[in-house]
Amino acid sequence: ELRMSSSSFKDEGKDELGPLHPITPRRVKNLDEFIKFGWYTGMVLVAAEFLCLSTLSNMVYMVFSGANPTVIGCGEYKLDESGNNCDRLNKLMNETGCLPNLHYQFESVNVEFNYICDDAKVIKNSISLQMTAVLIGAFLFGQGSDLFGRRFVLIVGLIGSSIFSAFTAISPNLLWFNVFRVLAGLFTGGVSAVQGVYLVENIPRKHRMLINTIITWSPNFIIYPIIAYYAQSWRMLAYGSGVINLIGVVSILFCHESPRFLIQKGKIDEARKVISSIRRRNGDSCELRSSEIEEMLVHEQDQFETIHIRTKQHTFLDILNTWKMFKWTSTLCFGLIVTSLVNYGILFNMEKLSGSLYLNNIFFGIIRWAMNISVGVLDYFIERMGRKILNSLAEIFNICCLLLISFLYYYNLSGEYASLIRISAISATAMCAQVYIAKFMTATELYPTSVRNLGSAALSMSSRIGTILGPPLFYLGDLHASCPYMTLSFSFSLTSSSSLSISLKRRECY
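As the structure is a prediction and not an experimental result, all values here were calculated from the model.

(A) Region of interest: the packing of aromatic side chains. As enumerated under the stated definition, the model contains 21 aromatic pairs in all. Here the aromatic residues Phe64, Phe106, Tyr224, Tyr229, Tyr230 and Tyr358 are joined through ring pairs into a cluster of three or more. Above the plane of the ring of Tyr475 lies Lys121, whose end atom (NZ or CZ) is 5.2 Å from the centre.

(B) Examining the environment of Tyr344 more closely. Along the chain, Tyr344 turns up in helix H15 (residues 323-347). Distance in space between the C-alpha atoms of Tyr344 and Leu469 is 8.7 Å, their sequence separation being 125 residues. Apart from the residues within four sequence positions on either side, Tyr344 is in contact with Met59, Trp217, Tyr436 and Thr467.

(C) Inspection of unusual backbone geometry at higher detail. Here Cys117, not a glycine, exhibits a phi torsion of approximately 55°, which is positive. Residue position: Cys117 is located in the loop between helix H5 (109-112) and helix H6 (120-148). Within the chain, Asn412 stands out as a residue other than glycine whose phi angle is a positive 55°. Examined against the element boundaries, Asn412 turns out to sit in the loop between helix H17 (387-410) and helix H18 (418-446). Judged by its relative accessible area of 65%, Asn412 falls in the exposed class.

(D) Seen up close, the nonpolar core. Counting 104 residues, the largest nonpolar core has Val60, Tyr61, Phe64, Phe106, Leu237 and Leu347 as the members making the most contacts within it. Ranked by residue count, the leading element in this core is H15, at 11 residues. Residue contacts for Tyr61: discarding those within four places in its chain leaves Leu56, Thr168, Phe177, Arg181, Tyr224, Trp234, Leu237, Ala238 and Ser241. Core analysis: the next-biggest nonpolar cluster, separate from the first, contains nine residues, Cys74, Leu89, Leu92 and Cys98 among them.

(E) Spatial organisation of the side chain of Ser356. Relative to the assigned elements, Ser356 resides in the loop between H15 and helix H16 (357-381). There is a polar contact of 3.2 Å between the side chain of Ser356 and the backbone nitrogen of Tyr358. Not counting chain neighbours up to four residues away, the residues in contact with Ser356 comprise Gln105 and Arg422.

(F) A look at the confidence of the model for the protein chain. The predicted model of the protein chain has a mean per-residue pLDDT of 80, with 79% of residues at 70 or higher. Within the protein chain, helix H1 (residues 6-17) has the poorest average pLDDT of any element, 45, and helix H11 (residues 234-253) the best, 94. Scored below 50 in pLDDT, residues 1-18 makes two contacts in the model with residues more than four places away or belonging to other chains. In this model, residues 503-510 is a region of pLDDT below 50 whose contacts with residues beyond four sequence positions or in other chains number six contacts.

(G) Region of interest: the packing of H6 against helix H7 (residues 150-169). Contact geometry for H6 and H7: axes closest at 7 Å, N-to-C directions at 135°. Our classification of the angle between H6 and H7 gives oblique. On the side of H6, the interface is formed by Phe141, Gly144, Ser145, Asp146 and Phe148, while H7 contributes Arg150, Phe152, Val153, Val156 and Gly157. Split into classes, the residues belonging to the contact of H6 with H7 amount to five nonpolar, three polar and two charged.

(H) Focus on the state of the cysteines. Tallied over the entire structure, the rule returns one disulfide. Disulfide partner of Cys74: Cys98, at an S-S distance of 1.8 Å. Because the sign of the S-S torsion sets the handedness, a value of about 100° for the bond joining Cys74 and Cys98 places this disulfide among the right-handed ones. One end of the pair, Cys74, is in strand S1 (residues 70-74); the other, Cys98, is in the loop between helix H4 (86-96) and strand S3 (100-103), with 24 residues separating them in the sequence. This pair shows no difference in class: Cys74 is buried, exactly as Cys98 is. Free of any disulfide, Cys432 has its nearest cysteine sulfur in Cys401, 9.9 Å distant. Using a relative accessible area of 0% as the deciding quantity, one classes Cys432 as buried.

(I) Spotlight on the pattern of salt bridges. This structure, assessed with the given rule, holds four salt bridges. Ionic pairing is found between Arg235 and Glu112, a salt bridge with its closest N-O pair at 2.6 Å. Note that Arg235 is positioned in helix H11 and Glu112 in helix H5, a separation of 123 residues in sequence. On the basis of relative accessibility, which here comes to 22%, the residue Arg235 falls in the partly exposed class. For the salt bridge of Arg272 with Asp269, the shortest nitrogen-to-oxygen distance reads 2.8 Å.

(J) Representation of the sheet that holds S1. Sheet architecture is open: three strands sit in the order S2-S1-S3, paired in antiparallel fashion. Bordering the open sheet on either side are strand S2 (77-78) and S3, each of which pairs with just one other strand. Contacting S1, S2 and S3, H4 crosses the sheet at an angle of about 30° to S1.

(K) Summary view of a nonpolar patch on the surface. A cluster of nonpolar side chains, namely Ile159, Ile163, Phe167, Ile170, Met236 and Tyr239, defines an oily patch on the protein surface of about 540 Å² accessible area. With three residues, the top contributor of residues to the nonpolar patch is H7.

(L) Layout of the packing of H7 against helix H8 (residues 174-201). In the contact formed by H7 and H8, the axes pass within 8 Å of each other and the chain directions differ by 150°. Compared by their axis directions, H7 and H8 come out roughly antiparallel. Considering how the two elements wind past one another, H7 and H8 form a crossing that is left-handed. In the contact of H7 with H8, the residues fall into 15 nonpolar, seven polar and four charged.

Calculation rules
Residues numbered from 1 in each chain as written. Predicted model: local features only at pLDDT ≥ 70, side-chain atom pairs only at ≥ 80, totals over all residues. Heavy atoms only, no water. Phe/Tyr/Trp six-rings, centres within 6.5 Å; stacked < 30°, edge-to-face > 60°. Lys NZ or Arg CZ within 6 Å of the ring centre and 35° of its normal. Helix = DSSP H or I, 4+ residues; strand = E, 2+ residues; numbered from the N terminus. Contact = heavy atoms within 4.5 Å. Buried < 20%, exposed > 50% of the residue type's maximum accessible area, 1.4 Å probe, protein only. Core = buried A, V, L, I, M, F, W, Y, C linked by side-chain atoms within 4.5 Å. Polar contact = N/O pair within 3.5 Å; in protein donor to acceptor, adjacent residues only side chain to side chain. pLDDT = per-residue confidence, 0-100. Axes fitted to C-alpha atoms, helices over the stretch in contact; angles between N-to-C directions. Parallel < 35°, antiparallel > 145°, perpendicular 65-115°, else oblique. Nonpolar A, V, L, I, M, F, W, Y, C, P; charged D, E, K, R; others polar. Disulfide = S-S within 2.5 Å. Salt bridge = Lys/Arg side-chain N within 4 Å of Asp/Glu carboxyl O. Pairing = 2+ DSSP bridges. Patch = residues over 30% accessible without salt bridge, like charges linked within 9 Å, V, L, I, M, F, W, Y side chains within 5 Å. Areas by Shrake-Rupley, 256 points an atom, 1.4 Å probe, with all protein chains shown as cover. Left-handed = near helix turned anticlockwise from the far one by under 90°.

The structure is reproduced here in structure tokens:
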């Protein structure tokens, strides 16, 4: 009596429930699907803009504060302003004891502390020292953001940058100036390493490309020269950088910690509170969405507990452990070192170009921003406009500009074609932004997910190495004015050919 056939169960199931079908589990939405554009997003974008401006104000501070003046005379003796007067100046100073007369557009550290002619190299070395501090700060604070949170690290970085920028303004001599600039660089490196991650984690996925095109360094390269123009001296500009950093602190205090970070660290209850606050600010009161968010958080909690047990810890050796990975990493890293050599080498020697120091930097920002927007539009509407084409075109363009400048200097045509050199140098520097984008995007496509962050970190550090070496690279100009540009064009040719080999290998893989 207790035994029943399987058909009995089937029949019973049909009578009461109808035909039985396999149950398909409903897909749990992820966090990105709940991030919507609203009032809170606007607050994040305001904070992101001040983060960009604060980072730029410290990174390119020495473009103006380290500008080398032109010697136009010594006491009552006038010298040819267009020539190299350093040898004649030293002779006059030794014979007559006269004081040098200087022409400058911005009262830099060189002017106040009298670091001119060959002594100006001391200031260029100071720039490399500051950029080394930025590299160290990016490494330390980048690790700290994974432990203590994006928002906390950004606040600490901005406060530190603000304090030591203010101390820079009261430096009594070059020694203390270097100490304070190095400390400011450490905190600036931290902000630069975390700001992009914080922005991406707090904006809707479909708006990320557009926002990263608009809120970037490029428009701030237009704003900062205007601030420098009204500051007129390195001390006032340092105070201005401090104020910009303080405004950045205030703006980010109105924002929450990244919900993505909280979820990744297993702080689900805190993430729940943050998401609820963001929804209130955006005016989102949908009960259905609230239940979906709760379901997502429960799912993320389960995922965290599973992944936390099974995840393997990776190191930088994992992006070098095979010949293929070693070739990818070395090629991309070398490419970014060369790109930063061009970008910051020319940028920190901008005073050598003809025309206004302020307008040159503004034109640089306008050209760079226009290129960013144009490439973004082309990439969106033209499917065949891939990263390989973008990278190749940008590198070929830079090689042509650098070779043209080398040719004009080599044949002593720099005076006659000063405007052409100016346009070529600014355009090459602006185009470097596209090379940066192409190489970082290539890295995201090449590296496996498990080591992708390590690959990006290696590329970032390589970029900083180029930033450190960029200013002293132009010491080659002591041999001949064309030498720095010839070296850069040759280096770009090497990285362009190696990048092409990676593209061909990728094509074979597919």
